[in-house]
Amino acid sequence: MRHYQAVIIGGGSAGLSAAVTLKENGIEDILVLEKDAEAGGILQQCIHNGFGLQTFKEQLSGPAYAERFIRKAEELNVSVLCGTMVTGLNDRREVTYVNPEEGYVTVSADVVILAVGCYERSRGAVEIPGERPAGIYTAGQAQRYLNIDGYLTGKNVFILGSGDIGLIMARRMTLEGAKVYGVAELMPYSNGLPRNIKQCLEDFGIPLYLSHTVTHVYGKDRLERIEVSKVGKDLKPIPGTEMYFDVDTLLLSVGLIPENHLADEAGILMDVRTKGPVVDDNYMTSVPGIFACGNGLHVHDLVDFVTLEAARSALGAVRWLKGTQTADKVYKASAGQGVSYVVPGRINASCDHRVDFFFRVRQNFETAQITMKSGDKVLRTLKKKKLMPSVMEQLPLTEKMLGELEGDITIEVTEA
Amino acid sequence: MEEKELICVNCPMGCRVRVQLEGNTVISVTGNQCPRGKKYAEQESICPMRILTSTVTVENGQHRVLPVITSAEIPLSMMEDAMKEIRKVSVRAPITMDQVIIHDLLGTGADVIASRSMAER
């Protein structure tokens, strides 16, 4: 069995960043496995601009952002196997993959980094009653058809869910000549970034129906009509509020879920909130030597944070390979009041480097009071304006604070 | 005097910016958290400008279409006409990133450039 120092599963923004960081830190013998025909992951179909403001201080398109990392990986001689599907992973860090050239292969590695990305929640997952006509797509699926394959999926469109991909597609399909009738969002607030509400909906006069959902779809072969209803505080449709739209296409932008079947197979402990693995301050999962980062760990809203997190996980892998990490006492880090999740979820007591927590709030806050505690001790508090679930927040655990840890860590947010 | 509330689209912060206008003259900008927000609000009140991204047909490439982007912002009001121009274009692989696909789009001074490289099929 061929043995590598590191095998990275996924050649998207997380995988490429992890690979580049490993190489830059002297880990030479690495392999990146990518299922698509080319590296770059979901960035290749995100042709809109706005990527890289933090990493490159410019507004790049998705493909341009990907190309910078693909070039960097090439310059560093990272081997990327495209068209390669990983079918198995176990807790001995053996990875099984399949591709047309080599067939069915199993390799082993000192470290495995899961950079597997996420998938879209589907119609089945949101339970829309009605018939089963063609014309219902996840937003990302329609995006791939349009931006990579060159096919517009329909002419009269409605979008369920105000996630960013749905908003981006509302603008994109409008520019391509389709009529987008509206976007319905179940929650009383949008799940997309405010800038996308502005530049994708308001710029084109596309209505956003908050507290609304699609309650029925009609159509024999192709979608013909949808029923949209207002929902109450309990999120249940209110009878008598039905509206009808004659559309041939319904896009679903109703959430992303980390792709985690490989992690499950390897027996990795999962976080019920993020639906990704639980990781420590080195981004190592519960299985020694297996690391996780990117949208396969928790869903990010900016690729810049994926790049940053993947680099941190690679540095964590380097630390672990050098044996500087000792298995010792562990503090749990968890979400307190007002917070939906915290990553990383475990901090080793011997941790000697600054850790940056990523977290999301459960609802909108006008002026938020953020508190980080260890046991009963308050480590720090700060005030921040306008926190919302669609925007990921960061909070550092500094080296100084590491020395003050007294117990498990919680982050909570209240209205100040 | 007219007052408008705008959402700045420069970055994911999405600041709510209030602008006071007298005809086509900006009198004051408040609520922005950085200088870019002020500049955006001033421009947005008079002539909203946007980056346009789309695709053009590509022959002999690894994919059927090539993603493209304007090299600078163009007026929002010109989007439909700009799309008509972009739709007329067909290019041939190989293409390198930043290669000019349409020079000076509709006299805006902005070029339409390839937003990625594309190898021959």
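Asker: An account of unusual backbone geometry is needed here, citing residue identities and associated values.
Answerer: The phi angle of most residues is negative, glycine excepted, and most peptide bonds adopt the trans form. Across the junction of Val343 of chain A and Pro344 of chain A, the peptide omega takes the value -5 degrees, indicating a cis bond. Summarising the element assignment, Pro344 of chain A is placed in the loop between strand E21 (339-343) and strand E22 (346-348). One non-glycine residue, Asn60 of chain B, adopts positive backbone phi at about 65 degrees. Among the secondary structure elements, Asn60 of chain B is positioned in the loop between strand E5 (53-59) and strand E6 (65-70). In this structure, Leu106 of chain B is a non-glycine residue whose phi angle is positive, near 50 degrees. Topologically, Leu106 of chain B is positioned in the loop between strand E9 (100-102) and strand E10 (112-114).

Asker: Before we move on, could you go through the sheet that holds E10 of chain B and cite the residues and values that matter?
Answerer: Residue and element names in this part refer to chain B. Read across the open sheet, the 5 strands follow the order E8-E5-E6-E10-E9; overall the sheet is mixed. The open sheet is flanked by strand E8 (90-92) and E9, the only strands paired with a single partner. Averaged over all pairs of adjacent strands, the angle between their axes in this sheet comes to 45 degrees, without regard to strand direction. The strands touched by helix H2 (residues 79-88) within the sheet are E5, E8, E9 and E10, with E5 carrying the most contacts at an inclination of about 15 degrees.

Asker: Hey, could you go over the pairing of strand E8 (residues 103-114) of chain A for me, with residue numbers and the actual values?
Answerer: All names here are of chain A. Note that strand E1 (residues 3-9) and E8 share 6 bridges and pair parallel. Each bridged residue has a counterpart across the sheet, and for His3 the counterpart in E8 is Ser108. Across 6 bridges, strand E7 (residues 94-99) lies against E8 in antiparallel orientation. Bridge assignment links Glu94 to a residue of E8, and that residue is Ser108. Between E7 and E8, which pair antiparallel one after the other, the connecting turn spans 3 residues. Pairing analysis gives 3 bridges linking E8 to strand E19 (residues 290-292), with the strands arranged parallel.

Asker: Can you break down the packing of helix H1 (residues 13-24) of chain A against helix H2 (residues 62-75) of chain A residue by residue, with the values?
Answerer: Residues and elements named next belong to chain A. Closest axis-to-axis distance for the H1/H2 pair is 10 Å, and the angle between their directions is 35 degrees. Classified by chirality, the crossing of H2 by H1 is left-handed. Seen from H1, the contacting residues are Leu16, Ser17, Val20 and Glu24; seen from H2, they are Ala66, Phe69, Ile70, Lys72 and Ala73. Counted by class, the contact of H1 with H2 contains 6 nonpolar, 1 polar and 2 charged residues.

Asker: An account of the domain arrangement of chain B is requested, with residue identities and associated values reported.
Answerer: Looking at chain B, the domain boundaries give domain 1 (2-46) and domain 2 (53-114). Centre-to-centre separation of domain 1 of chain B and domain 2 of chain B, based on C-alpha positions: 29 Å.

Asker: I'd like to hear about the packing of aromatic side chains, residue by residue, with values.
Answerer: Residues and elements named next belong to chain A. For the coordinates displayed, the defined rule picks out 10 aromatic pairs over all chains. Relative to Phe245, the ring of Phe158 has its centre 4.8 Å away and its plane inclined at 35 degrees; by these criteria the two rings are tilted. Taken together, the positions of Phe158 in strand E11 (residues 156-160) and Phe245 in strand E16 (residues 243-245) put the pair 87 residues apart, joining distant regions of the chain. Here Phe158 and Phe245 have matching classes, each one buried.

Asker: With reference to specific residues and values, describe helix H8 (residues 303-321) of chain A.
Answerer: In this model H8 of chain A runs 27 Å from its N-terminal to its C-terminal C-alpha over 19 residues, within 8% of the 27 Å that 1.5 Å per residue would give. Looking at the residues trailing H8 of chain A, positive phi occurs at Gly323 of chain A, about 75 degrees.

Asker: Requested: an account of the layout of surface pockets, with residues and values cited.
Answerer: Considered as a void within the structure, the second largest pocket measures approximately 1,000 Å³ in volume. Taken together, 37 residues make up the lining of the second largest pocket; nearest its centre are Pro194, Lys386 and Met388 of chain A together with Met13 and Gly14 of chain B. Partitioning the lining of the second largest pocket into residue classes produces 18 nonpolar, 10 polar and 9 charged.

Asker: Give a detailed account of the environment of Tyr119 of chain A, specifying residues and quantitative values.
Answerer: All names here are of chain A. If you trace the backbone, Tyr119 turns up in strand E9 (residues 118-120). A sequence separation of 89 residues divides Tyr119 from Leu208, and the C-alpha atoms of the two residues are 24 Å apart. Dropping the residues within four chain positions of it, Tyr119 is found in contact with Gly255, Leu256, Ile257, Pro258 and Glu259.

Asker: A description of the state of the cysteines should follow, citing residues and the corresponding values.
Answerer: Note on terminology: a disulfide is the covalent bond linking the sulfur atoms of two cysteines. Under the definition given, this model contains 0 disulfides over all chains. Cysteine Cys118 of chain A remains unbridged, with the sulfur of Cys46 of chain A as its closest cysteine sulfur at 10 Å.

Asker: Got a sec to walk through the domain arrangement of chain A? Specific residues and values, please.
Answerer: All names here are of chain A. Once the domains are mapped, chain A shows domain 1 (1-120 + 255-325), domain 2 (122-254) and domain 3 (328-416). Just the C-alpha atoms count here: the centres of domain 1 and domain 3 sit 25 Å apart. Each partner contributes to the interface: domain 1 provides 22 residues, whereas domain 3 provides 22 residues. Between domain 1 and domain 3, roughly 1,700 Å² of surface is buried when both sides are summed, and carbon and sulfur atoms account for 48% of that area. Three residues stand out in domain 1 for area buried against domain 3, namely Arg273, Asp281 and Asp301, and they jointly supply 31% of the buried area on that side.

Asker: I'd like to hear about the interface of chain B and chain A, residue by residue, with values.
Answerer: Every contact between the two is made by 31 residues of chain B and, on the other side, 30 residues of chain A. Interface area, chain B with chain A, both sides summed: about 2,700 Å², of which 56% is carbon and sulfur. At the junction of chain B with chain A, the criterion picks out 4 salt bridges. As a salt-bridge pair, Arg87 of chain B and Glu176 of chain A come within 3.9 Å of each other at their nearest N and O atoms. In this structure, the connection of chain B to chain A is made through 15 residue pairs in polar contact (both at pLDDT 80 or more). Elements that contribute at least two residues to the side of chain B that touches chain A include exactly helix H1 (35-46), E5, E6 and H2 of chain B. Here the residues of the side of chain B that touches chain A sort into 15 nonpolar, 9 polar and 7 charged.

About the criteria used
Residues numbered from 1 in each chain as written. Chains lettered and ligands numbered in written order. Predicted model: local features only at pLDDT ≥ 70, side-chain atom pairs only at ≥ 80, totals over all residues. Heavy atoms only, no water. Helix = DSSP H or I, 4+ residues; strand = E, 2+ residues; numbered from the N terminus. Pairing = 2+ DSSP bridges. Axes fitted to C-alpha atoms, helices over the stretch in contact; angles between N-to-C directions. Contact = heavy atoms within 4.5 Å. Left-handed = near helix turned anticlockwise from the far one by under 90°. Nonpolar A, V, L, I, M, F, W, Y, C, P; charged D, E, K, R; others polar. Domains from an automatic or database assignment. Phe/Tyr/Trp six-rings, centres within 6.5 Å; stacked < 30°, edge-to-face > 60°. Buried < 20%, exposed > 50% of the residue type's maximum accessible area, 1.4 Å probe, protein only. Expected span 1.5 Å × (residues − 1). 1 Å grid on protein atoms, 1.4 Å probe; cavity = no way out; pocket = protein on both sides within 12 Å on 5 of 7 lines; lining within 4 Å. Points joined across faces, edges and corners; volume = space filled by probe spheres on them. Disulfide = S-S within 2.5 Å. Buried area = accessible area lost by both parts, 1.4 Å probe. Salt bridge = Lys/Arg side-chain N within 4 Å of Asp/Glu carboxyl O. Polar contact = N/O pair within 3.5 Å; in protein donor to acceptor, adjacent residues only side chain to side chain.

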